[in-house]
Amino acid sequence: MFRVHGYHKCLVLALASIMALGMVLSYLFSMNHFNLLLSAMRALDYASFKQMELYTPSRVADRRNWINVYFVKLSWFWNTLFTVIVVASLSNTATWKRLSRFAVRWAMATCAWFAMSQWFFGASFLERMHVASGGKCLANSVHVSHELCRTRERLTADSHPQLFDRFEPGFSTKHQWIHAGWHGGIDISGHTFVLTLSILYLAELVVPCMTQRAIESMPRGPMRYLKTFSLYGTLSLMVLWAFMLFTTSIYYHTTQEKVAGFLCALAIWICLPKEPVS
């Protein structure tokens, strides 16, 4: 059930190649420097951060682009949605053993994603690693609670008067609210982690449906359309995640932070039940 098949090796190699190409471009042309500096300015000099945001070099290098906001940030919702669609398309033909494998794999992957990037008895595992490596939460160069970086709470002169008293005179007039930001340490790439895990997870849903035997046994009628939609929809989502993994490799984080995120995803995926191919 946990055996790694040939298509798994090919997929991991393809993902590693996508990341390697992105990181080489990033290194040669310093394409990640803008966002590294932007992240530093969020923590150290909020006024400079707001100015820099106006001059993002491209749409894909902007964290506020619609693909990042509505898809990557909600990646596990989309993964879960297409899991439900795939299971629904297989409900008439799949055995209970296979359906239970789908459920166990989704539950394990979801728990791992949640613990790594959302909550692990307080801070997420990735945040704990960041803090352990020297990461600090700063608001305009002032040390603040890690929780303010975690929740991305808006900080105002009314909600945090003692904090704003430490800023230069007139700061609150120019900036009614600010956000705290992380600075220093190794900020393991959460995007690299979730995108890599998502692609490997979704592959278990669709690859077994693409064999000659599966295609020949394709049902007729409405279930055929559902199965076709589930297959091509999931493949399209995988392509989108691969594209965003490539852009993340180019424009965000340091090389070691991206490699660490990739290895974390592989470590979790290797523990998930695998689908046999016949």
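The structure contained in this document is the topic of the report that follows. Treat the numbers as computed from the prediction; the structure is a model and nothing was measured. Along each chain, numbering runs from 1 in the same order as the chain's sequence is written. Note on the predicted model: pLDDT of at least 70 is required for a residue's local features to be given, and 80 or more for side-chain atom pairs to be given and counted; whole-chain, interface and lining totals, by contrast, use all residues. The side-chain figures draw on all heavy atoms in the structure; neither hydrogens nor water molecules are used.

## Re the nonpolar core
We call a set of buried Ala, Val, Leu, Ile, Met, Phe, Trp, Tyr and Cys residues a nonpolar core when their side-chain atoms join them within 4.5 Å. Relative accessibility decides the category of a residue: with a 1.4 Å probe and only protein chains considered, values under 20% of the type maximum give buried, values over 50% give exposed, and everything between is partly exposed. Counting residues in each nonpolar core, the largest one holds 45 residues, and the members touching the most others are F193 and L197. Each helix is a run of H or I in the DSSP string that is no shorter than four residues. Each strand is a run of E no shorter than two, and both are numbered from the N terminus. Of all the elements in the fold, those that place two or more residues in this core are α1 (6–29), α4 (66–72), α5 (75–90), α6 (96–117), α11 (190–206), α13 (222–251) and α14 (255–269). Sort the elements by how many residues they give to this core and α11 lands first, with 11 residues. Residues in contact with L197, not counting those within four places in the same chain, are W76, A109, A265, I268, W269 and L272. Counting 19 residues, the second-largest nonpolar core is a separate cluster that includes A139, V142, F171 and I178. We call two residues in contact when some of their heavy atoms are within 4.5 Å.

## Examining the pairing of strand β1 (residues 136–139)
Note: two strands are recorded as paired if DSSP finds a minimum of 2 bridges between them. Both β1 and strand β5 (residues 181–183) contribute to a ladder of 3 bridges, which runs antiparallel. For K136, the partnering residue across the bridge sits in β5 and is H183. In the sheet, β1 pairs with strand β2 (residues 142–143) via 2 bridges, with the strands oriented antiparallel. Bridged to L138 within β2 is H143. Count of turn residues in the β1/β2 antiparallel hairpin: 2 residues, of which N140 carries a positive phi of about 55 degrees.

## A short note on the packing of α5 against α6
The geometry of a pair of packed helices is captured by two quantities: the angle between their axes and the separation between those axes. Direction vectors running N to C along α5 and α6 enclose 175 degrees, while the axes themselves pass 11 Å from each other. As judged from the angle between their axes, α5 and α6 are roughly antiparallel. Between α5 and α6, the contacting residues are W76, T80, T83, V86, V87 and L90 on the first element and R98, L99, F102, W106, A109, T110 and W113 on the second. Along the lines of polarity and charge, the residues of the contact of α5 with α6 split into 9 nonpolar, 3 polar and 1 charged. Fitted lines through C-alpha atoms serve as axes, helices being fitted only where they are in contact, and the angles separating the N-to-C directions of these axes extend from 0 to 180 degrees. Oblique is the label for every angle not falling under 35 degrees (roughly parallel), over 145 degrees (roughly antiparallel), or within 65 to 115 degrees (roughly perpendicular). Residue polarity is assigned by list, with Asp, Glu, Lys and Arg as charged and Ala, Val, Leu, Ile, Met, Phe, Trp, Tyr, Cys and Pro as nonpolar; anything else, Gly included, falls into the polar class.

## Points about the environment of S30
Within the element layout of this structure, S30 appears in the loop between α1 and α2 (33–44). Relative accessible area serves as the criterion here: at 33%, S30 is assigned to the partly exposed category. Between the alpha carbons of S30 and L263 there is a distance of 23 Å; along the sequence they are 233 residues apart.

## Details of the sheet that holds β2
An order of β2-β1-β5 is seen for the 3 strands of this open sheet, with the pairing classed as antiparallel. Single-partner strands in this sheet number two, and they are β2 and β5. The sheet contacts of α2 involve β1 and β5, and relative to β5 the element is tilted by about 110 degrees.

## Some thoughts on the state of the cysteines
We call a pair of cysteine sulfur atoms a disulfide whenever their separation is within 2.5 Å. By the definition in use, this model includes 1 disulfide. The disulfide partner of C137 is C149, and the S-S distance across this bridge is 2.1 Å. On the S-S bond that ties C137 to C149, the torsion sits near 100 degrees, and the link is right-handed. Of this pair, C137 sits in strand β1 while C149 sits in helix α8 (residues 146–151), and the two are 12 residues apart along the sequence. Each of the two residues, C137 as well as C149, counts as buried. Unpaired in this structure, C264 has its nearest cysteine sulfur neighbour in C271, at a distance of 12 Å. Judged by relative accessible area, which is 19%, C264 ranks as buried.

## What about the environment of N68?
With respect to the secondary-structure elements, N68 resides in helix α4. N68 sits 123 residues away from H191 along the chain, and the two C-alpha atoms are 9.6 Å apart. In this structure, N68 is in contact with R63, K73, H191 and M244, ignoring residues within four places of it in sequence. A polar atom in the side chain of N68 sits 2.7 Å from the side chain of H191. Residues adjacent in sequence count toward polar contacts only when both atoms are side-chain atoms; beyond that, a polar contact is any pair of N or O atoms within 3.5 Å, and within protein one must be able to donate a hydrogen and the other to accept it.

## Some words on the pattern of salt bridges
When a carboxyl oxygen of Asp or Glu is within 4 Å of a side-chain nitrogen of Lys or Arg, the pair counts as a salt bridge. Scanning the entire structure with this criterion turns up 6 salt bridges. Ionic pairing is found between E275 and R98, a salt bridge with its closest N-O pair at 3.3 Å. Linking E275 in the segment after α14 with R98 in helix α6, this pair joins segments that are 177 residues apart in sequence. Where salt bridges share partners, they join R98, R101, R105 and E275 into one cluster.

## What to know about α14
A helix's residues, less one, multiplied by 1.5 Å, set its expected span. Taking 1.5 Å per residue as the helical rise, α14 with its 15 residues ought to reach 21 Å, and the 21 Å between its terminal C-alpha atoms agrees with that figure. Buried within α14 we find E257, K258, A260, G261, F262, C264, A265, L266, I268 and W269.

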